[in-house]
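Summary of structural features
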Amino acid sequence: MRGSRSGPVEGASRRVVLRGLVVSGAALGLAACSGRETSAEAGSPAPSGGAAPSVAPEPTTTGPDAADEPSAASTGAEVGATVVATSVVDELRVHEAPADPDDRDDPVGEQVTRVLDRRDEVSGQVVLLALEVGRAWVHVQLPVRPNGSTGWVRARDVGLSSHSFAIEILLGEHRIVVTEAGREVLGSDIGVGTTDTPTPGGDYYVKELLAPPDPDGVYGPYAYGLSGFSTVLTEFNGGEGVIGIHGTDRPDLVGTDVSSGCIRLPNDVITRLVEEVGLPLGTPVTIRA
């Protein structure tokens, strides 16, 4: 319903924009939007009026059969750059911390704590933020509850890439700042969560990009899903309460505490972020009070 508080993007299918392609996908639950929207047809054209939406660069590994396992140097990342790990297997096993991240046969690391299936993701990808890269194991932040969860994955099961983007969200100032290599490339006023359904502070990352079928709807033309979840909503209209950054059909409410946890941007700003800035998946997002 127009003008309703936005809450988790839920239950319906979404178009997903990745590498300039729009494909249909499963539901994503964003914790600060409301209403159901139907999916667009697969194969719809990529957005016009700017550069194709950007995600993490092409991974540097090709999967379990790669001859050499990656090392920190193999990502080509500059010092201080963000390293992104993208699953190259359907079922990505998450392990306990190995005693030696360079030892592929480490017995502690053999203990599996969970499995992430990329076929369950809207984007068809499992995108993780790499915290430490060894020759055999990669320490990653996970897009699961509780917020900030981490684990270890086999280096051979992920492709590694890097970039220098970052997002800072200042809740008290109702402000978002996007930087590339420390230089501000976009800033805007934002709408944030209410007192009862706050936007949770913490360190997250961008895990997926969606193009809702109705660009004039409650989510606007684009929505980024983050790795974090609402701390008060465990379910919303069939979704899991994922925190997102998205457009809005109520630009007059930007700059206020209005949502159920998501960050609202004016539609022209979210469009710039996708089509001009080309924000990649795996971008770190710091949310401060």
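Refer to the preceding data block for the structure.
This write-up is about the structure you can find in this document.

Here is what the cut-offs are and how they apply
Each chain has its residues counted from 1, following the order in which its sequence is written. Local features in this predicted model are restricted to residues of pLDDT 70 or higher, and side-chain atom pairs are both shown and tallied only at a pLDDT of 80 or more, whereas totals for entire chains, interfaces and linings draw on every residue. Only hydrogens and water are removed before side-chain values are computed, so all heavy atoms of the structure are retained for them. Helix and strand definitions here come from DSSP, where helices need a minimum of 4 consecutive H or I residues and strands a minimum of 2 consecutive E residues; each element is numbered from the N-terminal end. Classification of residues uses two cut-offs on accessible area relative to the type maximum, computed with a 1.4 Å probe and protein chains only: under 20% is buried, over 50% is exposed, and between them is partly exposed. Contact between two residues is taken to exist if any of their heavy atoms lie within 4.5 Å; hydrogens are not considered. Exposure was quantified through the Shrake-Rupley algorithm and a 1.4 Å probe, taking into account, for residues, occlusion by the shown protein chains and nothing else. In these notes, a set of buried Ala, Val, Leu, Ile, Met, Phe, Trp, Tyr and Cys residues joined through side-chain atoms within 4.5 Å is what counts as a nonpolar core.

Further remarks concern the overall build of the protein chain. The secondary structure content of the protein chain amounts to one helix and 19 strands. Taken over 289 residues, the protein chain has a buried fraction of 56%. For the protein chain, the proportion of contacts with a sequence separation of at least 24, taken over those separated by at least 6, is 68%. With an accessible surface of roughly 11800 Å², the protein chain has 47% of that area assigned to carbon and sulfur atoms.

With that settled, consider the nonpolar core. Grouped together as the largest cluster of nonpolar side chains are 52 residues, with contacts concentrated most on L128, I167, I169, V178, Y224, I245 and L273. With sequence-adjacent residues up to four places away left out, I167 is seen in contact with I176, V177, V178, V206, I245, L279, T283, P284, V285 and T286.

Moving on: unusual backbone geometry. For the bond from R145 to P146, the omega torsion is -10 degrees, close enough to zero to count as cis. Take P146: it is sitting in the loop between β7 (137-141) and β8 (150-154). Positive phi, normally seen in glycine, also occurs at A181, with a value near 55 degrees. Residue position: A181 is located in the loop between β11 (175-180) and β12 (183-189).

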